[in-house]
Amino acid sequence: NNDDDMNDMVDEFLDAQFFDPDKVVADDNGENTPAIIRWFANLVKNDYETAEALYVGTFFVILVIFTQEVLRWQIHGDTYVPFASGRSSAGNLF
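Residues numbered from 1 in each chain as written. Predicted model: local features only at pLDDT ≥ 70, side-chain atom pairs only at ≥ 80, totals over all residues. Heavy atoms only, no water.

J.: Please set out the overall build of the protein chain residue by residue, giving values where relevant.
T.: Assigned secondary structure in the protein chain consists of 4 helices and 0 strands. Across the protein chain, helices and strands are ordered from the amino to the carboxyl terminus as α-α-α-α. In the protein chain, buried positions account for 12% of the 94 residues. A sequence separation of at least 24 residues applies to 8% of the contacts in the protein chain between residues at least 6 apart. When the accessible area of the protein chain is evaluated, it comes to approximately 8,200 Å², of which 58% is carbon and sulfur surface. (Helix = DSSP H or I, 4+ residues; strand = E, 2+ residues; numbered from the N terminus. Buried < 20%, exposed > 50% of the residue type's maximum accessible area, 1.4 Å probe, protein only. Contact = heavy atoms within 4.5 Å. Areas by Shrake-Rupley, 256 points an atom, 1.4 Å probe, with all protein chains shown as cover.)

Structure follows, in structure tokens:
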């Protein structure tokens, strides 16, 4: 059944591990990995709760910023330039 195949693909995608701290740490002692990723991998291994909180916080900050930009785009229309600051042509909303 096509729906079962799609469900299996979604389940496989959601179960896939996209960040393996053990691999990052073991991979040439992390020399080929950016410092922030090595730091985060060590944090995951040593203090999982803090790493999880940082990850979730960062994820939601990115979502909030993206949502604000989409809302501004909706309000100002096609003339809006995303992430531009100090535009006087947009006008005051309040």
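J.: Got a sec to walk through a negative patch on the surface? Specific residues and values, please.
T.: Taken together, the side chains of Asp-3, Asp-4, Asp-5, Asp-8, Asp-11, Glu-12 and Asp-15 define an acidic patch exposed on the protein surface. Following the sequence through the fold, Glu-12 ends up in helix 1 (residues 2-15). You can call Glu-12 exposed: its relative accessible area is 61%. (Patch = residues over 30% accessible without salt bridge, like charges linked within 9 Å, V, L, I, M, F, W, Y side chains within 5 Å. Salt bridge = Lys/Arg side-chain N within 4 Å of Asp/Glu carboxyl O. Lys, Arg positive; Asp, Glu negative; His and termini not counted. Charge placed at Lys NZ, Arg CZ, Asp CG, Glu CD.)

J.: Break down a nonpolar patch on the surface for me, citing the residues and quoting the values.
T.: Taken together, Phe-18, Tyr-55, Val-56, Phe-59, Phe-60 and Leu-63 make up a surface patch of nonpolar side chains, about 620 Å² in accessible area. By the element assignment, Tyr-55 lies in helix 4 (residues 48-76). Judged by relative accessible area, which is 40%, Tyr-55 ranks as partly exposed.

J.: Give a detailed account of the side chain of Thr-33, specifying residues and quantitative values.
T.: Within the element layout of this structure, Thr-33 appears in the loop between helix 2 (21-26) and helix 3 (35-46). Apart from the residues lying within four places of it in its own chain, the contact partners of Thr-33 are Val-24 and Arg-38.

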